[in-house]
Structures are given as structure tokens and as C-alpha cells.
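# Descriptive analysis of the structure
Here is how the chains run, residue by residue.
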Amino acid sequence: MRIALIAPLYESVPPRYYGGTERVVSYLTEELVKQGHDVTLFASGDSVTRARLIPGAPRSLRLDSSCRDPLAHHLVMLERVFEDTSRFDVMHFHCDYLHFGMSRRQETPALTTLHGRLDLPDLVPVYQTYSDAPLVSVSDAQREPLPWANWQATVHHGLPEDLYGWTKRPGRYLAFLGRISPEKRVDRAIEIVRRAGMQLKIAAKVDPADEKYFEQVIKPLLDDPRVEFVGEIADGDKQAFLSNAHALLFPIDWAEPFGLVMIEAMACGTPTIAWRRGSVPEVMQHGVTGFVVESVEQAVQAVEACAGFDRAACRVTFELRFTAERMAHDYVRVYQRLADAREPQVTMEAC
């Protein structure tokens, strides 16, 4: 198939550091190319891909200090996408709802994967107005605020099968990987290690919107000698960081749409201790890929239970459920269904 993938411009594809959406777009793009599809990627100019790359901006906007209006770059990119949609059998958007008005007014099927939270009241009139827009959720739990939307499928994220390896003997530290924000609850992670008597390594970025929270709430907690703040790490550092950890802590306090770090840990054979929120019960297999908990006390007990954890079984579960190959096949089925629905139907009268 001739497929256009349209990514956000905030990070490169793949991102140098943090960036879940752009990372998933990269995995999907490369797997689709591997499977023989003709893929065009609309993304920042510093992206790296085997697909045909059409830059929407010279470089990722988060790392471009001269960028003052990210929306302007996205609008220009969308204009390039829609210049000649006949080049594609399907267009797959990963930039929320920005394109809805344009995609509604042309013939080529346009599919949108929603990567973020959908429980904001401001979103309801948008999806009501564009109720015909075909959507994909990244978990069934993500759909709950908008159950009436035009959902085509749920496609769980996937990773290249050979991206990470696993180790039989973990280290003695607990890991936190992601972003510092109130809903990610790194303060819970610190409380867990205090009670469990272990070390915690925090590999996370701090967005400008969360700097005040970091300075006032989290930074004072980092004085604990059991806690090491590593900062934002690159993809090449994740293997060692996750595979050498006793467990990954995922103590979220919000309806997480997916949580890519859970399957990254799974690929490393590392158990995840995660709060029962959002997609967690859907992604995690309690007792096999980690432990789903509802309190700090349960999390501390789970830390102890990880001592005898079967890392090989955890890795096997990743291979069965969360590879990029499976993700790409799931999307191709949706692409084909949308493309087939747009083909003109031949009737006896027309003959």
C-alpha cells in the first residue's frame, strides 16, 4: 500500500530523548517499510527513516530555540500533506485533531491514532463536530471519555523485537523512567524505595510546564541518599537502565492512555509495579509482567515479590503481544478496510 504517516513536529522521528508518540511512529514506519509498503513520512527534518521523508520543519521544534509558534509549522506541513492526496491509498495522522477539517474534504482515507488523554471537556465538541473522522485508540481504556466516537480499532503499541535484550540477574535499584509531572507521581516512587530500603534511579525529563512542580515538590525529595536523579536519557541508554533494574516503578495518578515504558521494561524482562489506572490492567499481566497495585503498601510488597520474578516469561509475553510487527499488521488491516470502503462499487446498471 501507499501510506502517508504524519507525525508531530515537537520531536524527531525517532526522538533523541523523551517522546512516546514520535517513537511509536518511528517503529511503525520502519516496520511498514520492512513489510514492503511504500511509505512517506511527514516529520521534522532531523528524523531518520528508510521511508521517504518530507520535512515539516528543519528540525524538531522542542530542540529549536528559534521556534516561537509550533502551530505555524504544523499548518505548513499539513498543506504539504494535502497538496496531492491521490499519491496515497491511506493517510495516517498522529497529530491529534488538527487536520480534521482538511481530511473531511478529500477522498483519500484519513485515519487518526489518538495518543493522548481524552478526558478533557474541551475535546467533546471537537469530536462531536467531526464525528465521521475514523479513529484508532491505543487502549480500550483510552476510549472511555468518548465511547461514541468513530472508533475503527484499538491498536496497542509495539517495539521492534530486537530493540532490547533481557538479563537473568537484575541489579538492586528500582527505576523510574519518563517525565516529572504531578500525574506521574515520582513522589510515590521515592516513598516506595524509602519503605522498601532500596535505591531509586530517576531517568526523566522536566517540561517547562512542570518546572515549578519539580522545584517545589520533587527537588527537595532528591536529597535522600537513596535517590539518584539521572535526568533525561537517550534510547541507547534504556537497555542498561531497564534491564539492570530490580523493577520499574509506574506509580501513575491519572488515566494513562497506554504507557510505552511498561512494554519497554517488558522487553527487557524487567517487572513493572504499576498503579491500577487507565490502560495498566489492559497492558500488564499481573504476576507475569509485573504487579498491578493500588497503594504504596501493596507496591512495597510487590518489590519483595520481584525477587523471584520469572524474567524469561516476561520477555515471552512481550514477544507475543507487543512487537512492532504485530502493531503494523493491525494497522494494515484498518488501512485496507478504509481503502476498500472508498473504492467505487460496480453495479449491474453501470455495466
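Provided above is the structure to which this section pertains.
Reading guide: rules and limits
Residues numbered from 1 in each chain as written. Predicted model: local features only at pLDDT ≥ 70, side-chain atom pairs only at ≥ 80, totals over all residues. Heavy atoms only, no water. Buried < 20%, exposed > 50% of the residue type's maximum accessible area, 1.4 Å probe, protein only. Helix = DSSP H or I, 4+ residues; strand = E, 2+ residues; numbered from the N terminus. Pairing = 2+ DSSP bridges. Right-handed = clockwise from strand over helix to strand, strands pointing away. Axes fitted to C-alpha atoms, helices over the stretch in contact; angles between N-to-C directions. Contact = heavy atoms within 4.5 Å. Phe/Tyr/Trp six-rings, centres within 6.5 Å; stacked < 30°, edge-to-face > 60°. Lys NZ or Arg CZ within 6 Å of the ring centre and 35° of its normal. Core = buried A, V, L, I, M, F, W, Y, C linked by side-chain atoms within 4.5 Å.

### A look at the pairing of strand β9 (residues 199-205)
In terms of residue burial, β9 counts as a mostly covered element, since five of its seven residues are buried. Relative to β9, strand β8 (residues 173-179) runs parallel, the two being bridged by seven bridges. Across the sheet, the residue bridging to Arg179 is Lys205, located in β9. After leaving β8, the chain enters helix α5 (residues 186-196) and then returns to the sheet as β9, a path that is right-handed.

### As for the sheet that holds strand β6 (residues 135-137)
Here we have seven strands laid out as an open sheet, ordered β3-β2-β1-β4-β5-β6-β7, and parallel in their pairing. A single partner strand is all that each edge strand has here, and the edge strands are β3 (52-57) and β7 (151-154). Taken over all neighbouring pairs, the strand axes of this sheet differ in orientation by 20° on average, direction set aside. By the bridge criterion, three bridges tie strand β4 (residues 90-93) to strand β5 (residues 110-114) in an arrangement that is parallel. Looking across to β5, one finds that His92 is bridged to Leu111. Each of β1 (2-6), β2 (38-44) and β4 is contacted by helix α1 (residues 20-34), which is oriented at about 155° to β2, the strand it contacts most. The sheet contacts of helix α2 (residues 70-81) involve β1, β2, β3 and β4, and relative to β3 the element is tilted by about 145°.

### Quick word on the packing of aromatic side chains
If you walk through the whole model with that rule in mind, you get 10 aromatic pairs. When the centroid spacing of 6.4 Å and the interplanar angle of 90° are considered together, the rings of Tyr97 and Tyr127 count as edge-to-face. You can see Tyr97 sitting in the loop between β4 and α3 (100-103) and its partner Tyr127 sitting in helix α4 (residues 123-129), a full 30 residues away along the chain. Plain terms: the ring middles of Phe258 and Phe322 are 6.3 Å apart, the flat faces sit at 75° to each other, and that makes the pair edge-to-face. Highlighted residues: Phe258 in the loop between β11 (247-250) and α8 (260-267) and Phe322 in the loop between α11 (311-321) and α12 (324-342), separated in sequence by 64 residues. Accessibility expressed as a relative area gives 2% for Phe258, which makes it buried. The residue whose ring lies beneath Lys201 is Tyr173, and the NZ or CZ to ring-centre distance is 4.3 Å.

### With respect to the nonpolar core
Counting residues in each nonpolar core, the largest one holds 88 residues, and the members touching the most others are Leu32, Leu174, Ile192, Leu200, Ile202, Ile273 and Tyr335. Sorting elements by how many residues they give to this core places α12 first, with eight residues. Residues in contact with Ile273, not counting those within four places in the same chain, are Ala247, Leu248, Leu249, Phe250, Pro251, Phe291, Val293, Ala299, Ala302, Val303 and Cys306. Counting residues in hydrophobic clusters, the runner-up holds 16 residues, among them Ala57, Val81, Phe82 and Phe93.

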